[in-house]
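Examination of the molecular architecture
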Amino acid sequence: MLQRRKVSYKSVFITVVTALLLYGLTVSGRSSFYTSNGFLQALTFSAADTTPVKPVKQQPDAAPALQTKQKTSATTNRLLNDTIPQKKDTTGIVDSLQRKDSLVQKVDTFNFRISRDSIDAPVDFEAEDSLIVDIPEKQIYLYNKASVKFKDVALDASVIKLDQPTQILTAFFTKDTAGKRIGVPTFKQGESAFTSDTIRYNFKTQRGLTIGTYTQEGEMFVYTEKAKRISPTVFFAERARFTVCNYDTPHFAFRAKKVKFISNKVAVTGLVRPEFENVPIPLGLPFGLFPLKQGRRTGLLPPQPVANDQLGFGLEGLGYYKTFGDYWDATIRANVYSYGSYSLFLNPNYRRRYRYNGGFNISYLNTKIGFKGDPDYVPATRNFSVQWNHSLDGKARPGQTFSASVNVATSLFNRYFPNNAAQNFNNMLQSSIAYQRTWAGKPFNLSVAANHSQNTNQKQYNISLPDIGFTVNTLYPFQKKEFVGTPKWYEKLGVSYNGTFRNQLSFTDSTFNVKHLLDTLTWSARHSIPIQLSLPSLGPLQVGPAISYDETWHSRTFIRKWNPATKSVETVSQKGFYQERQMSFGLNFSTALFGKIDFKKGNVKAIRHVVRPTFGMGYRPDMNRSKWYLAQVDSTGRQMWFDKFNGTQVTSIPEGRSGSINFAIDNNLEMKVRDKKDTSEAGDKKVRLIDGFGVSTSYNLLADSFALSDFNFYLRSNLFDKVSITAGANVSPYQIDPKTGFRKQQYAWQADKFSLGRFTNGFVAVSTQFKSKPKDEKKEKEKQELAKNQRNDLDEQSRELNAIQRNSNEFADFNIPWSLNLSYSLNLTRQLKRDYSGFETMVTQSINFNGDFNLTEKWKFQASGTFDIQTKTLQYLTTSVSRDLHCWQMAINVTPFGIYRSFSISINPKSNLLRDLRINRSRFFYNLPGQ
């Protein structure tokens, strides 16, 4: 039976205090020790006048111990008296701490001598197992999860040895009973961190020597057999290995015998050679430069070889990147082909945080298809494009915004742009430059803009410069500055102002000259003064009267005239100053009706239907009768109404005076579903079935014909948050003349065959997305968070999107097993023929698809394309197969259909640092229409 032994607390206390005094050493600086018992002590060491003590060797799993001998009289006798004068104690009570025979005495530490080899900051030690002090050798041993901290240096290892005379700290690992390494030394100072088999570090010189070192600099993983650290940022290595593969035995690497590292900048090597799967390649370079710096850095951009039947062999992407200070950088790239074609791309970018950012993209193409003597030979064509984007940070100038998105190009630029099928089929270009200003505390708003639109097929340019808008927010002239009681009805009378000025000009590629620009220059200005009044509600009805006055100024008129010689309609333009005025009065009523159906059984708990009808009356006097005129449009003498200010045709007879009744109804449909897991009210989920659907129309009481206007239907829905549906339709209530297609003064339901109306135009757009759950939820969240917080400039984002569109196979996400995007669009338009002989119906409908799925864990198939339902042809199809090779990726891209067909295969590292180190084979086939 075990017997409990009594321990005297007094004897324990004397033993502990005596041990502390026995091991006191005078090293300048104070060292903190934290034992497993949680006992924090500050010890002052000195090797003088002490009896040598040999340390007792202990294994890492030994119990905590601090072993000493008890011959310390010489150390105790060297304690100095306090040099600070003390007052005499008049109470007669003797303090035991002031007695000469006391074990503890107050000592003035300013009288201790400072050792020459001392360090200038405290060293903090920590060990989970034990701490051993070797007094004669002046060494300290830390066992099991040992840690040492000195200034910004932190070292962790299984065993740490500190030699006080040399101030060298040595760290190494140990092995467990299974032979597994534990406590591998890790070193960190500032941004520099590494792990090694053995670390030797000098506290005073801050130099070190490591063996078997692993470290990471950006995306680069570096291993060195032996490294010597001469400063916090510079160290030399012997027999080093560089790779972007994070395996202990990487798939590929670069090896060098001698290397100089400058942290976060560059690594310079001697002879360097690659290896794959530890198999060296008998090729190398006399020296190597490996960038370790993150962010912007100047350097060459390597090209990639391509083969093209029409352009010949070429090198694409050869360029140079240059930084200019902290705010500017520029990239210049070139594509060169053996048949004489070449391309130049200049991309300057600028960015100033919290102020503004933007960039330019200037492109020049010199394209020559084939060579002389080739039946498909096309002479050289020169095209260019200028793009500019700019955005102003809202915090830079409160109340002001400035943005620019400019995209101008020659008509054939998109057609000949290389390696981008989406851009090759784009024939519309648009630009916008806008400035907005608001005044704090004032109701004024100013906007100035310049807009551009371009049709590359018709080679037509339309430019609006400038486009100015000035707005005065609603003012309440009868409203009191301080509200007292209920406001009067007239205090809610509001008046506002909207003014716009627009200057427009149009030209084509062949008519771009100053004379033509001045001839086509057209400007107009509009002033609008709306007056509104909010009346008290009449029960469930909301009442809102409104009055508005509009005045528009024009710079020219357009008169259509029939030319019997050419048998066509000609347009005559006349410059001048013309005014157009309009005034209207209205009274609107609106309300909301709610309906609900409850279900006691099933998952559906209730369905709610909201109806919002609107009814209004309006009157417009006859103030612009002279702006409409009749003109002959064919040889039969048939006439049509036209607006002389904009030249547009009006199918119905315009009436200067109007007294209309307006009607509209909007609907919303929602469903409440029970949660199978959560039966509480909070667990119910609302599902929007239809966001909105309705119809609107009007009836002119003062019109003598065609008083009922067309019915406009619309539908919006995001069904179950999966299927997005948008639709709209226009239905005419009148019959049409079967010969000309023009409508007759007879309603559709008055015909022999009953009909509610005639469909004139409409559209339907349906899109949906399906994808599987990610295999690694954590990885997907990290990816989304990174995309959310990325700080790339707009031009960089645009280049990344273009790169994904061109080479989607290189950006395959194997974490998503499969995904599918589908969209369907239908457009139906009934428009007047160009010779005014009747109407024609234009129908376009297509299906767009984009999807991918994992064939295996490492193989992914991707495809995207467009199918034209009207022509029953596949407009274009792009397919790709990707293979995940861990740190490398292989991609095969095939575009078998369309005007631009291509095939490419590439193998490249995933790392952005070595993305240009690729093996690439590409072939392109063009089938361009005649120019």
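Residues numbered from 1 in each chain as written. Predicted model: local features only at pLDDT ≥ 70, side-chain atom pairs only at ≥ 80, totals over all residues. Heavy atoms only, no water.

With respect to the overall build of the protein
- Across its full length, the protein holds 7 helices and 53 strands.
- Sorting the 931 residues of the protein into buried and exposed places 34% on the buried side.
- In the protein, of all internal contacts separated by at least 6 residues, the share reaching a separation of at least 24 is 51%.
- Of the accessible surface of the protein, which amounts to about 56,700 Å², a share of 57% is contributed by carbon and sulfur atoms. (Helix = DSSP H or I, 4+ residues; strand = E, 2+ residues; numbered from the N terminus. Buried < 20%, exposed > 50% of the residue type's maximum accessible area, 1.4 Å probe, protein only. Contact = heavy atoms within 4.5 Å. Areas by Shrake-Rupley, 256 points an atom, 1.4 Å probe, with all protein chains shown as cover.)

What to know about the state of the cysteines
- Taken as a whole and judged by the stated rule, the model has 0 disulfides.
- Looking at Cys 245, it has no disulfide partner, and the nearest cysteine sulfur is the one in Cys 887, 3.7 Å off. (Disulfide = S-S within 2.5 Å.)

Brief notes about unusual backbone geometry
- Following Leu 465, the chain continues to Pro 466 via a peptide bond in cis, the omega torsion being -10 degrees.
- One non-glycine residue with positive phi stands out, namely Asn 144, at about 65 degrees.
- Note on Asn 144: relative accessible area 25%, which makes it partly exposed.
- A positive phi angle is found at Lys 145, which is not glycine, with a value near 55 degrees.
- Secondary-structure assignment places Lys 145 in strand β5 (residues 139-150).

Re empty space enclosed by the protein
- Taken as a whole and assessed by the stated rule, the structure comprises 5 cavities of 30 Å³ or more.
- The volume enclosed by the largest cavity comes to roughly 190 Å³.
- For the lining of the largest cavity, the elements supplying multiple residues, two or more each, are β11 (192-202), β12 (208-217) and β13 (220-229).
- Looking at the lining of the largest cavity residue by residue, the class counts come to 9 nonpolar, 7 polar and 4 charged.
- Each pocket or cavity is described by its volume, and for the second largest cavity that value is around 90 Å³.
- Lining the second largest cavity are 12 residues, with Leu 311, Tyr 337, Thr 367, Tyr 416 and Pro 418 positioned closest to its centre.
- Every element with two or more residues in the lining of the second largest cavity is listed here: β24 (342-352) and β25 (356-369).
- In terms of residues, the lining of the second largest cavity owes the most to one element, β25, which gives 4 residues.
- Its residues assigned to classes, the lining of the second largest cavity shows 8 nonpolar, 4 polar and no charged. (1 Å grid on protein atoms, 1.4 Å probe; cavity = no way out; pocket = protein on both sides within 12 Å on 5 of 7 lines; lining within 4 Å. Points joined across faces, edges and corners; volume = space filled by probe spheres on them. Nonpolar A, V, L, I, M, F, W, Y, C, P; charged D, E, K, R; others polar.)

What to know about a nonpolar patch on the surface
- Among the surface-exposed residues, Leu 300, Tyr 320, Ile 332, Leu 346, Ile 362, Phe 384 and Val 386 lie close enough to one another that they form a single nonpolar patch of about 610 Å² accessible area.
- Along the chain, Ile 362 falls in strand β25.
- Owing to a relative accessible area of 37%, Ile 362 belongs among the partly exposed residues under this scheme. (Patch = residues over 30% accessible without salt bridge, like charges linked within 9 Å, V, L, I, M, F, W, Y side chains within 5 Å. Salt bridge = Lys/Arg side-chain N within 4 Å of Asp/Glu carboxyl O.)

Let's talk about the pattern of salt bridges
- One pass over the structure, following the stated rule, counts 17 salt bridges.
- For the salt bridge of Asp 519 with Lys 515, the shortest nitrogen-to-oxygen distance reads 3.3 Å. With Asp 519 and Lys 515 both in helix α5 (residues 514-520), this residue pair falls 4 residues apart, about one helical turn.
- Take Lys 515: its relative accessible area is 60%, and that puts it in the exposed class.
- One network of salt bridges, with partners in common, ties together Arg 608, Glu 670, Arg 688 and Asp 691.

A word on the pairing of strand β38 (residues 639-643)
- When you tally the buried positions in β38, you get 4 out of 5 residues, the bulk of the element.
- Note: strand β37 (residues 628-632) against β38, 5 bridges, orientation antiparallel. In the strand pairing of β38, Ala 631 is matched with Met 640.
- Turn length for the β37-β38 hairpin, with the two strands adjacent in sequence and antiparallel, is 6 residues, and the turn residue Gly 637 shows positive phi of about 90 degrees. (Pairing = 2+ DSSP bridges.)

As for the environment of Lys 644
- Secondary-structure assignment places Lys 644 in the loop between β38 and β39 (649-650).
- Every residue in contact with Lys 644, bar those within four places of it in the chain, is listed here: Thr 557, Phe 558, Ile 559, Ser 626, Lys 627 and Tyr 629.

Some thoughts on the packing of aromatic side chains
- Inspection of the entire model under this criterion finds 32 aromatic pairs.
- Ring centres of Phe 242 and Phe 261 lie 5.6 Å apart, and the angle between their planes is 35 degrees; on these two criteria the pair is classed as tilted. Of the two residues, Phe 242 sits in strand β14 (residues 234-243) while Phe 261 sits in strand β15 (residues 252-262), which places them 19 residues apart along the sequence. Assigned by exposure class, Phe 242 and Phe 261 land together as buried.
- The interplanar angle of 25 degrees and the centroid separation of 6.3 Å between the aromatic rings of Phe 252 and Phe 276 together place this pair among those described as stacked. In this pair, Phe 252 sits in strand β15 while Phe 276 sits in strand β17 (residues 272-276), placing the two residues 24 residues apart along the sequence.
- Given a relative accessible area of 2%, Phe 252 falls into the buried group.
- A relative accessible area of 39% means that Phe 276 is categorised as partly exposed.
- Members of the aromatic cluster, each reached through a chain of ring pairs, are Trp 328, Tyr 350, Tyr 356, Phe 360, Trp 388 and Phe 402.
- Lying across the ring of Phe 173, Arg 181 places its NZ or CZ 4.8 Å from the centre.
- Across from the ring centre of Phe 706, 4.4 Å away, lies the NZ or CZ of Arg 743, which sits over that ring. (Phe/Tyr/Trp six-rings, centres within 6.5 Å; stacked < 30°, edge-to-face > 60°. Lys NZ or Arg CZ within 6 Å of the ring centre and 35° of its normal.)

Geometry only, nothing functional implied.
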